[in-house]
Amino acid sequence: MVGAVAAPTTLLTAVLFYFGWSHAYWFYDYFGVDSALLGLSTQDYLQLSVDGLFVPLTVAACAGLAVLWIRALLRDRRIPASRLLVPAMTGCGLLLTANGVSRIFTETFLNRGLAVAPLTLAAGVLLLVYAAHLKVANARPQWVSILEWTVVFVLVGLSLFWAANDYSAAVGRSRAQQFVAELPTYPNVTIYSARSLSLNIPGVRQSHCQDPDAAFRYRYDGLKLVLRSANQYLFLPQGWSRETGVAILLPRSDSLRLEFTPAPASPHPSPC
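Every value quoted in this text rests on a predicted model; they were computed, and no experiment measured them.

Chemist: Is there a simple way to think about the overall build of the chain in this case?
Modeler: Scanning the chain from N- to C-terminus turns up 5 helices and 6 strands. If you list the helices and strands of the chain from N to C, you get α-α-α-α-α-β-β-β-β-β-β. Across the 272 residues that make up the chain, the buried fraction comes to 31%. Pairs at least 24 apart in sequence give 67% of the contacts found in the chain among residues at least 6 apart. Per element, the accessible surface of the chain, about 16,600 Å² overall, is 65% carbon and sulfur.

Chemist: Please explain the environment of S241 as it appears in this structure.
Modeler: Looking at where S241 falls in the secondary structure, it is placed in the loop between β4 (232-237) and β5 (248-251). Residue classification places S241 among the partly exposed positions, given a relative accessible area of 22%. Note: C-alpha distance between S241 and F31 (210 residues apart in sequence) is 8.8 Å. For S241, the side chain forms a polar contact with the side chain of T244, separated by 2.9 Å.

Chemist: How do you make sense of the layout of surface pockets when you look at a structure like this?
Modeler: Left-over empty space is what a probe sized like a water molecule reveals as it rolls over the atoms. In this model, the largest pocket occupies a volume close to 1,500 Å³. What lines the largest pocket is a set of 41 residues, and nearest its centre among them are A63, A122, L126, V156 and L160. Put simply, the parts of the chain that give the lining of the largest pocket at least two residues each are α1 (2-29), α2 (42-77), α3 (81-105), α4 (116-135) and α5 (142-181). When grouped by side-chain class, the residues that make up the lining of the largest pocket number 37 nonpolar, 3 polar and 1 charged.

Chemist: Would you explain the side chain of D221 in this entry?
Modeler: By secondary structure assignment, the location of D221 is in strand β3 (residues 218-228). In this structure the side chain of D221 is engaged in a polar contact, spanning 3.0 Å, whose partner is the side chain of R219.

Chemist: Mind showing me how you'd approach α4 here?
Modeler: Three- or four-residue spacings in an α-helix give side chains the same orientation, since the helix completes a turn every 3.6 residues. Over its 20 residues, α4 runs 28 Å from end to end, which matches the ideal 28 Å to within 8%, given 1.5 Å per residue. Looking at α4, one finds that the buried residues are A117, P118, T120, L121, A122, G124, V125, V129 and A131.

Chemist: What exactly am I supposed to notice about the pairing of β4 here?
Modeler: Looking down a regular strand, the side chains alternate between one sheet face and the other. Counting buried positions over the 6 residues of β4 gives 5, a clear majority of the element. Two elements, β4 and β5, share 4 bridges in a ladder whose sense is antiparallel. Residue Q232 lies in a different strand from β5, and its bridge partner there is P251.

Parameters and conventions
- Residues numbered from 1 in each chain as written.
- Predicted model: local features only at pLDDT ≥ 70, side-chain atom pairs only at ≥ 80, totals over all residues.
- Heavy atoms only, no water.
- Helix = DSSP H or I, 4+ residues; strand = E, 2+ residues; numbered from the N terminus.
- Buried < 20%, exposed > 50% of the residue type's maximum accessible area, 1.4 Å probe, protein only.
- Contact = heavy atoms within 4.5 Å.
- Areas by Shrake-Rupley, 256 points an atom, 1.4 Å probe, with all protein chains shown as cover.
- Polar contact = N/O pair within 3.5 Å; in protein donor to acceptor, adjacent residues only side chain to side chain.
- 1 Å grid on protein atoms, 1.4 Å probe; cavity = no way out; pocket = protein on both sides within 12 Å on 5 of 7 lines; lining within 4 Å.
- Points joined across faces, edges and corners; volume = space filled by probe spheres on them.
- Nonpolar A, V, L, I, M, F, W, Y, C, P; charged D, E, K, R; others polar.
- Expected span 1.5 Å × (residues − 1).
- Pairing = 2+ DSSP bridges.

All quantities given are derived from atomic positions and should not be read as evidence of function.
In structure tokens:
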């Protein structure tokens, strides 16, 4: 019983970790930062995976129900499979499968959209398999059925994995764009440092405290906090843009102190 529960749980955790990594990679890549430098934990990746997998899992569940209902409806109405249904499903399956496979070799307007290629590949394979089962009513050897469903499972599983990965990456980029759009509404961050950080970045103001007894003699305004990971801070200037923006990665240290103020408020003018 433990093995039956632990194996699927381990697989699910690995899948969630991967999609969380994909989400984080494309989110921070938008700012020009390699997510591998941020020291994100497994818990961070698992939390990010929810944002990237919620819609794909919901769509997959709804599609599965729709297929089952349509199959039951067709069976009740007794549509002549050999004359109408099988040729139509075979033609659609071949076209969809060809469109999905073509994305591996070249990009066209038919397979360029978000998750279009993997979804058409999965749908085409399922249509072809179902058409074959409607056409061939006789029983086949067990090993043929096992081999067939193994191949179908691999193709459909990889296609859905491909689609979810594309969607997760797109969500990461869109969340980064949304973050930049909402950047002015996030709290202002003032960095106090015992030593100069040499942040010669547009939009970041440096002030020097003249008090020789001050513990933090350098002050930096005009920043927003993006992330506090295990041992680092990631900041963006208030006016960050994709074309000219710079991301700032600073290690957590006793020589740094952070001060936060609400976005509409102005930071305290004194540098000390």
